[in-house]
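# Survey of secondary and tertiary structure
Each chain is listed here by its residues.
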Amino acid sequence: MSEYKDVGIEDVISVVKKKKGKRDTKIIQKAYDYAKAKHGEQLRKSGEPYIIHPVQVAYTLANLGMDDNTICAALLHDVLEDTDTTYEDIEKEFNSEVAYMVDGVTKLSKLQYASVEEQQVENYRKMFLAMGKDIRVILIKLADRLHNMRTLKFLSRDRQIANAKETMDLYAPLANRLGVYSIKWELEDLSFKYLYPEEYREIVEGIDKKRDERLKFIEQIMDQIRAELKKQKIDAEVTGRAKHLYSIYRKMKRDNATLDQIYDLFALRIIVNSVKDCYASLGVVHDLYNPMPGRFKDYIAVPKPNMYQSLHTTLIGPKGTPFEVQIRTWDMHRVAEYGIAAHWAYKESSFLSGKKANVKVEEDKLAWVRETLEWQSEMQNPEEFMATLKKELFEDEVYIFTPKGAIKVLPKGATPIDFAYQIHEQIGHHMVGCKINSKMMPIVTKLNNGDIVEIITSDQSKGPSRDWLKYVRSSRARNKILGWFKKNLREENIEKGKDLIEKEIKKIGMKHEELFKPEFVASALNRYKYTSVEDMYASVGFGSNTAGKIISRMLEEYRKVHKEDDIEKTLEKLSKEKVHKEKPSQNGIIVKGIDNCLVKLSKCCNPVPGDDIIGYITRGRGVSVHRTDCVNAKNLLSSGERIIDVYWSDSKKTAYSVDVEIYANDRGGLLADIIAVLGNNKCTIMAVSSKATKEKIAVTELTIEVEDINQLNQILKALRKIDSVYEVKRKKQ
């Protein structure tokens, strides 16, 4: 892929014209003109005209060799979200194929969700559903994210971190899964730059210091290999490239090594005309240099699930310095760079008609996409969805053989249980034992590359065990096991779900008959796509959804249609009463017009003196006080009911509990520095917890006591000055 540069629509069209086949550049120009007119005077954060962004996305996809409709969809990909354009408008001006792709990459914004996390998960879910029907949707999304990452410097630091983390967690692994390495490597390096700026700078500077020495070393080896290949009459191109920065960083972390101890910073690539020449070239380099034991991989005989094929070998060069060589054909090289895009040739017929234009794209190449769609459709919990998705994208694979020699690809750490479900659902359900390499072994044994596994089944089997869920690694196996329990224990799940929902109703101080009106229940069923109340109960009892989310959705409808006269009368009465000096509650809150009222500071936002606050009249639990910027408070204000004025008393001095989150690059002594700062500010610590993520980001959560907002701001300011800390904020629900 070309280096990032300023490009215009003429550059996009120029690249398109160079690709094979008949191309319709007029429709691409039309899409550009349409997008430019719709975005009008809109600007990006950089201050540039917005149209620059879709043009860059289209340019990336043109270089991947994508078809005309994909280029058009790339140019139009933000018009549904950011302008008054409708799906029907795009369908009318262009075609249903372009409209479908644009809709597939458009975020959901009009629906109400219980949380930001839930909305984000629904965006991912929508994207995957669209991707299942047309893989080009995700290619547009990857190109979109690539340009956003290239221009990340124009965003605030917290947005840089959030975007870089999402890219590292989701989009780079997704590009890897699709084999689009030209995008994957750049997404990783850009994310690395913003997540670990110090480490990024050190590696860049370290590589630059010895660049000439390393280039001389690699040129010497390339000359030797070229000469020997020529002697053997093998037509080959031999090139050298520096390894990507993030892969160097990961290797340093994995081996606990410094940059000086990482020798194979450069990799050689030999590209030949045939598979026969690949193996012949391997023989040549193994004759020239000693191969390192255990460092040879044959991805030609056993390709990766994303279609990647190459021979990989690590050799010992002059002075004992190791270096890597990759050997592949030109066709393999094209797939290695562009992955699924290299196979995706389209004709003028609509993709949505079900006609596939390229028979080379085999169904099993995208089997993991179909499996993802299977498990995600059942999963309502946002945290569980994201955890499973990340695991699905990140997992390394092992290659396991059936007794007849068929290959099954499983996540690293998989067991014979995973293998059984990979073959067929019923084989998994009736599994009672297994043989690994002809030897009877426990069914929870971790499998290694090349193992031959035979599954032993019995018709008398009573089905899977819940304990199996502790050992399976594949989402397919987990989904099938959970599905079995969901189907066979339905009645038990329904009763459990009923109980959980009843407890949630009591928790909010309402009665079942008040909330379970047909219109309120229908709203929850529609939102979560249940066909019956029993399905809803079963889902909650099984754990696919939570009682809180169900009740939250029903409450939204309740507040819209149920006008509570008694509450309105109470508020009207209070507004007419003469002003008198109300007495503050024990926590220093004065409720307008009411003395001796039970007042509770809401746990979701922990207000402290100085915060702007509102009061909400609860059922039987007095007045709940929220910060006005609290998510729950905004929902309450939108309903307009049961709101009452509250304010802080000047006379009452007490301690208020506040939850604080601190994000920092992990290092030794960080927690000690945080505690020292709190001590210097005479702050009482009620609770503290700290953990480090896989990305070495330290997340510290504190509960502290303060007198008012001024003291809190002073503490937050001091915490932000601590070395390695990049974000400090009050915790929200």
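Bear in mind the structure is a predicted one, so any value in this text is a computation, not a measurement.

### Some words on the overall build of the chain
Looking only at helices and strands, the chain has 31 helices and 21 strands in total. The 733 residues of the chain split such that 51% are buried. Restricting to contacts in the chain with at least 6 residues of sequence separation, those with at least 24 account for 66%. In the structure as shown, the chain presents an accessible area of about 36,800 Å², 49% of it carried by carbon and sulfur atoms.

### Things to note about the packing of helix 7 (residues 96-104) against helix 9 (residues 136-150)
Taken N-terminus to C-terminus, the directions of helix 7 and helix 9 make an angle of 55°; their axes are 9 Å apart at the nearest point. The pairing of helix 7 with helix 9 is recorded here as oblique in orientation. Classified by chirality, the crossing of helix 9 by helix 7 is right-handed. Listed contacts from helix 9 to Glu97, Tyr100, Met101 and Gly104 of helix 7 are Arg136, Val137 and Ile140. When grouped by side-chain class, the residues that make up the contact of helix 7 with helix 9 number four nonpolar, one polar and two charged.

### Side note on the side chain of Asn69
Here Asn69 shows up in helix 4 (residues 68-75). Dropping the residues within four chain positions of it, Asn69 is found in contact with Asn95, Glu97, Val98, Met101 and Arg136.

### Regarding the pairing of strand 2 (residues 266-272)
For strand 2, a buried count of seven out of seven residues is recorded, marking the element as mostly surrounded by other parts of the structure. Residues Phe266, Leu268, Ile270 and Val272 line one face of strand 2 and the alternating positions Ala267, Arg269 and Ile271 line the opposite face, and both faces are buried.

### Here we look at the packing of aromatic side chains
Scanning the entire structure with this criterion turns up 14 aromatic pairs. With 5.3 Å between their ring centres and 90° between their planes, Tyr289 and Phe323 make a pair best called edge-to-face. With Tyr289 in the loop between helix 15 (275-288) and strand 3 (290-291) and Phe323 in strand 6 (residues 322-329), this residue pair connects regions lying 34 residues apart in the sequence. Taken as a pair, Tyr289 and Phe323 share a single burial class, namely buried. Arranged with centres 5.0 Å apart and planes meeting at 90°, the rings of Trp484 and Phe485 form a pair that is edge-to-face. On the basis of relative accessibility, which here comes to 7%, the residue Phe485 falls in the buried class. Taken together, the ring pairs connect Phe192, Tyr196, Tyr200, Tyr246 and Tyr249 into an aromatic cluster. Positioned over the ring face of Phe94 is Lys30, at 5.0 Å from the centre of the ring. The ring of Phe485 is capped by Arg466, whose NZ or CZ atom sits 4.3 Å from the centre of that ring.

### Side note on the nonpolar core
By size, the foremost hydrophobic cluster in this structure holds 104 residues, and its most contacted members are Leu61, Ile71 and Leu76. The contact partners of Leu76, leaving out residues within four places of it in the chain, are Ala31, Tyr34, Ala35, Ile90, Phe94, Val98 and Val102. Listed in part, the 35 residues of the second largest apolar core include Leu601, Val706, Ile715 and Val725.

### Here we look at the sheet that holds strand 13 (residues 599-601)
The mixed open sheet is built from four strands, whose spatial order is 13-15-14-16. Both outer strands of the open sheet, strand 13 and strand 16 (643-644), are each paired with one neighbouring strand and no more. Here strand 14 (residues 613-617) pairs with strand 15 (residues 623-627) via five bridges, running antiparallel. Bridge pairing in strand 15 places Tyr616 opposite Ser624.

### Description of the environment of Ala62
When you line up the elements, Ala62 lands in helix 3 (residues 52-63). In sequence terms Ala62 and Lys17 are 45 residues apart; their C-alpha atoms lie 9.5 Å from each other. For Ala62, the residues in contact, after removing those within four places along its chain, are Val12, Val15, Val16, Lys19 and Ile71.

### Some points on the confidence of the model for the chain
Atomic detail in the predicted coordinates should be set aside for any region of low pLDDT. Mean pLDDT over the chain works out to 78, with 79% of the residues at or above the 70 mark. Scored below 50 in pLDDT, residues 345-365 makes 30 contacts in the model with residues more than four places away or belonging to other chains. Below a pLDDT of 50 lies the segment residues 574-581, which in the model reaches seven contacts outside its immediate sequence neighbourhood of four places, other chains included.

### Some remarks on the sheet that holds strand 11 (residues 453-457)
Taken together, the three strands give an open sheet; going across it, the order is 10-9-11, and neighbouring strands pair in antiparallel fashion. One side of each edge strand has no neighbouring strand; the edge strands of this open sheet are strand 10 (439-441) and strand 11. Pairwise comparison of adjacent strand axes, ignoring direction, gives a mean angle of 35° for this sheet. Pairing of strand 9 (residues 431-436) with strand 11, which is carried by five bridges, proceeds in the antiparallel orientation.

### Details of the pattern of salt bridges
Across all of its chains, the model carries 21 salt bridges by this definition. A salt bridge links Glu166 to Arg145; the nearest nitrogen and oxygen atoms lie 2.7 Å apart. Of this pair, Glu166 sits in helix 10 (residues 157-177) while Arg145 sits in helix 9, and the two are 21 residues apart along the sequence. Residue class for Arg145 comes out buried when judged on its relative accessible area of 11%. Here Lys498 makes a salt bridge to Glu495, at a shortest N to O gap of 3.9 Å.

### Side note on the pairing of strand 9
Inspection of the sheet shows strand 9 paired to strand 10 by three bridges, in the antiparallel sense. Bridging from a neighbouring strand, Lys435 pairs with Met440 of strand 10. The antiparallel hairpin formed by strand 9 and strand 10 contains two residues in its connecting segment, where Asn437 sits at a positive phi of about 55°.

### Remarks on the environment of Asn449
As for its position among the elements, Asn449 is in the loop between strand 10 and strand 11. It is 5.0 Å that separates the C-alpha atoms of Asn449 and Tyr399, two residues lying 50 residues apart in sequence. With sequence-adjacent residues up to four places away left out, Asn449 is seen in contact with Val398 and Tyr399.

### What to know about unusual backbone geometry
Phi angles above zero are rare outside glycine, and Lys233 is one such case at about 60°. Note that Lys233 resides in the loop between helix 13 (211-231) and strand 1 (236-242). Positive phi outside glycine occurs at Ser724, with the angle close to 85°. With respect to the helices and strands, the residue Ser724 is situated in the loop between helix 31 (709-720) and strand 21 (725-730). The exposure class of Ser724 is partly exposed, given its relative accessible area of 22%.

What counts as what
Residues numbered from 1 in each chain as written. Predicted model: local features only at pLDDT ≥ 70, side-chain atom pairs only at ≥ 80, totals over all residues. Heavy atoms only, no water. Helix = DSSP H or I, 4+ residues; strand = E, 2+ residues; numbered from the N terminus. Buried < 20%, exposed > 50% of the residue type's maximum accessible area, 1.4 Å probe, protein only. Contact = heavy atoms within 4.5 Å. Areas by Shrake-Rupley, 256 points an atom, 1.4 Å probe, with all protein chains shown as cover. Axes fitted to C-alpha atoms, helices over the stretch in contact; angles between N-to-C directions. Parallel < 35°, antiparallel > 145°, perpendicular 65-115°, else oblique. Left-handed = near helix turned anticlockwise from the far one by under 90°. Nonpolar A, V, L, I, M, F, W, Y, C, P; charged D, E, K, R; others polar. Phe/Tyr/Trp six-rings, centres within 6.5 Å; stacked < 30°, edge-to-face > 60°. Lys NZ or Arg CZ within 6 Å of the ring centre and 35° of its normal. Core = buried A, V, L, I, M, F, W, Y, C linked by side-chain atoms within 4.5 Å. Pairing = 2+ DSSP bridges. pLDDT = per-residue confidence, 0-100. Salt bridge = Lys/Arg side-chain N within 4 Å of Asp/Glu carboxyl O.

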